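# Architecture at a glance
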Amino acid sequence: MTKPVLLVTNQVPPDRAGALAELNKAEGIKVAIYDGKQHHGSAGVDDPGVPFIRSSQAGIYRLAASGRYRAVIATSAGRIALPAAYLGARRAGVPFIYWTGIWHQVATPAHLAAAPLVRWIESHADAVIAYGPHVAKYVEGHRAKNVHVAPQPVDVQFWSQPGRAAAWRQQLGDPSLVVGVAGRSGVDKGVGVAVKAWQRCGLAAQGAMLVIAGDYQGRHPDQPSVRSLGKLSAGQMRDLYAAADIWLVPSLATRAFREPWGLVVNEAMLQGTAVIASDAVGAAAGGLVSDGETGLVVETGNEAALAAAIQSLERDPAQREKLAAAGRDAAACYDYKAWAAGCAAALKSVSVGRSSC
């Protein structure tokens, strides 16, 4: 029986469990989950639905070096988990594959101190799996070789199901136009920029509304045209995407953050909603949001540009519908099977894919 592949990560958020199930079906994996900083909007699941083991970061070395796995894949998270996985794979004499969504150097002291080691691992990995072409370009700039793109997926079947748009619009008071944005507390998601852009638009007088989903706690005008909805379930978010005419993803570029992808883009597009994203969003840098083709892209932090983009789509429903339809078609290709295929191609390239064994 072919040995499984060890995949090392700090958590498995709900939207990744289905992707891992596809990879397990195709290649056979065991996920090693260690404690680490949360990088996603939701905590990791208790059971990812595939074979898994929980480990300390130090224990990753022993797992990778055990000889029980035919290859080791590790993410860029964690303090010592990445080098432990790399050294363990080398000890076992099996290929090491680096999996990353980073496309811009994070400029905190800790990340800058770790950068030389991470770049060394990038350039010495047997293969690299990247979130998208923007990430591939970044790591290739650090002399990474044998880079494969595994596109960031969502559950296409779930997010494509017809949302209950009418119920949301009725609950919101049947606005003439619904513009949505989602974000956690903090400035990196750019919700504050969205609120300021909304004030510039002047659409409130026409009966339009900006709705904010998520636990964003920032200040915004206390007026009927701006509604904070709090944290919503996946089903509620799907319905809200369907109710929205435009969805904003205005993430900011900060010294500590650059949106690796932004799965909200995939989700909104699959509900046929036109998306406006900043150029600091990975889904825009990676090509899913292509300016003027599958959505609109504006400069990060530019309130005037974001306001102008909102106004342009409000004035031109035909263009809005055209972008929404193209976005839906594009996002449908970013499914779990496509992600698993990208990972499988990386394994095959180092002669450990199931078809190679």
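These remarks concern the structure in this document. (Residues numbered from 1 in each chain as written. Predicted model: local features only at pLDDT ≥ 70, side-chain atom pairs only at ≥ 80, totals over all residues. Heavy atoms only, no water.)

This paragraph deals with the sheet that holds strand 1 (residues 5–9). Read from one edge to the other, the open sheet built from 7 strands follows the order 3-2-1-4-5-6-7, with strand pairing classed as parallel. Taken across any chain shown, the strands that pair with only one partner, and hence form the sheet edges, are strand 3 (52–55) and strand 7 (147–149). Here the average twist between neighbouring strands, direction ignored, is 20 degrees. One ladder, built from 3 bridges, connects strand 6 (residues 127–130) with strand 7; its direction is parallel. Within strand 7, the position partnered with Ile-129 by the bridge is His-148. Sheet strands touched by helix 1 (residues 14–27): strand 1, strand 2 (29–34) and strand 5 (96–100). Its angle to strand 2, the strand with the most contacts, is close to 145 degrees. (Pairing = 2+ DSSP bridges. Helix = DSSP H or I, 4+ residues; strand = E, 2+ residues; numbered from the N terminus. Axes fitted to C-alpha atoms, helices over the stretch in contact; angles between N-to-C directions. Contact = heavy atoms within 4.5 Å.)

With that settled, the discussion passes to helix 10 (residues 263–270). The buried fraction of helix 10 amounts to 8 of the 8 residues, a majority that puts the element mostly inside the structure. Inspection of helix 10 places Leu-263, Val-264, Val-265, Asn-266, Glu-267, Ala-268, Met-269 and Leu-270 among the buried residues, and these make up the whole buried set. Among the residues trailing helix 10, Gly-272 stands out with phi positive, at a value near 75 degrees. (Buried < 20%, exposed > 50% of the residue type's maximum accessible area, 1.4 Å probe, protein only.)

On to the sheet that holds strand 9 (residues 209–213). If you walk across this open sheet you meet the 6 strands as 10-9-8-11-12-13, and the pairing is parallel. One side of each edge strand has no neighbouring strand; the edge strands of this open sheet are strand 10 (226–230) and strand 13 (296–298). Taking the axes of each pair of neighbouring strands and ignoring which way they run, one obtains an average angle of 20 degrees across the sheet. Of the pairings in the sheet, the one linking strand 11 (residues 246–249) to strand 12 (residues 274–278) comprises 4 bridges and is parallel in character. Residue pairing across strands places Val-249 opposite Ala-277, the latter belonging to strand 12. With respect to the sheet, helix 12 (residues 303–315) is in contact with strand 8 (178–182), strand 11, strand 12 and strand 13, its orientation differing from that of strand 13 by roughly 160 degrees.

Attention shifts here to the environment of Glu-299. For Glu-299, the position within the fold is in the loop between strand 13 and helix 12. When its relative accessible area of 48% is taken as the criterion, Glu-299 is described as partly exposed. On a C-alpha basis, the gap between Glu-299 and Val-5 in space is 40 Å, while along the polypeptide they are 294 residues apart. Reaching out from Glu-299, the side chain makes a polar contact with the side chain of Asn-302 at a distance of 2.9 Å. (Polar contact = N/O pair within 3.5 Å; in protein donor to acceptor, adjacent residues only side chain to side chain.)

With that settled, the discussion passes to the environment of Trp-339. Structurally, the position occupied by Trp-339 is in helix 14 (residues 336–349). Residue Trp-339 is classed as buried on the basis of its relative accessible area, which comes to 1%. Once residues lying within four places of it in the same chain are set aside, the contact partners of Trp-339 are Ala-19, Leu-20, Leu-23, Trp-99, Ala-150, Pro-151 and Pro-153.

On to the packing of aromatic side chains. In this description, a pair of aromatic rings is defined by centroid distance and the angle of the planes. This model, assessed by the stated rule, comprises 7 aromatic pairs. On the basis of an interplanar angle of 80 degrees and a centroid distance of 5.2 Å, the ring pair of Tyr-86 and Phe-96 is categorised as edge-to-face. Pair noted here: Tyr-86 is in helix 3 (residues 81–92) and Phe-96 is in strand 5, with a separation of 10 residues, a long-range link. For the pair formed by Tyr-86 and Phe-96, the shared burial category is buried. With a centroid separation of 5.6 Å and 55 degrees between ring planes, the pair formed by Trp-99 and Trp-339 is classed as tilted. Remark: Trp-339 occurs in helix 14 and Trp-99 occurs in strand 5; sequence separation between them is 240 residues. Overall, Trp-99 belongs to the buried group, its relative accessible area being 3%. The structure contains a cluster of three or more aromatic residues connected by ring pairs, namely Phe-158, Trp-159, Tyr-241 and Trp-247. Against the face of Phe-158 rests Arg-238, its NZ or CZ located 4.2 Å from the ring centre. (Phe/Tyr/Trp six-rings, centres within 6.5 Å; stacked < 30°, edge-to-face > 60°. Lys NZ or Arg CZ within 6 Å of the ring centre and 35° of its normal.)

Following the criterion strictly, the structure yields 7 salt bridges and no others. Of the charged contacts in the structure, one is a salt bridge between Glu-27 and Arg-70, with a shortest N-O distance of 2.7 Å. Of this pair, Glu-27 sits in helix 1 while Arg-70 sits in the loop between helix 2 (59–64) and strand 4 (71–75), placing them 43 residues apart in sequence. Pair check on accessibility: Glu-27 and Arg-70 agree, each one buried. For Asp-239, the salt bridge goes to Arg-164, with nearest N and O atoms at 3.6 Å. Here the residue Asp-239 occupies a position in helix 9 (residues 234–243), and Arg-164 occupies one in the loop between helix 6 (156–160) and helix 7 (165–171), the gap between them amounting to 75 residues. Asp-239 sits in the buried class, given a relative accessible area of 10%. Arg-164 sits in the exposed class, given a relative accessible area of 55%. (Salt bridge = Lys/Arg side-chain N within 4 Å of Asp/Glu carboxyl O.)

By themselves these figures say nothing about function.
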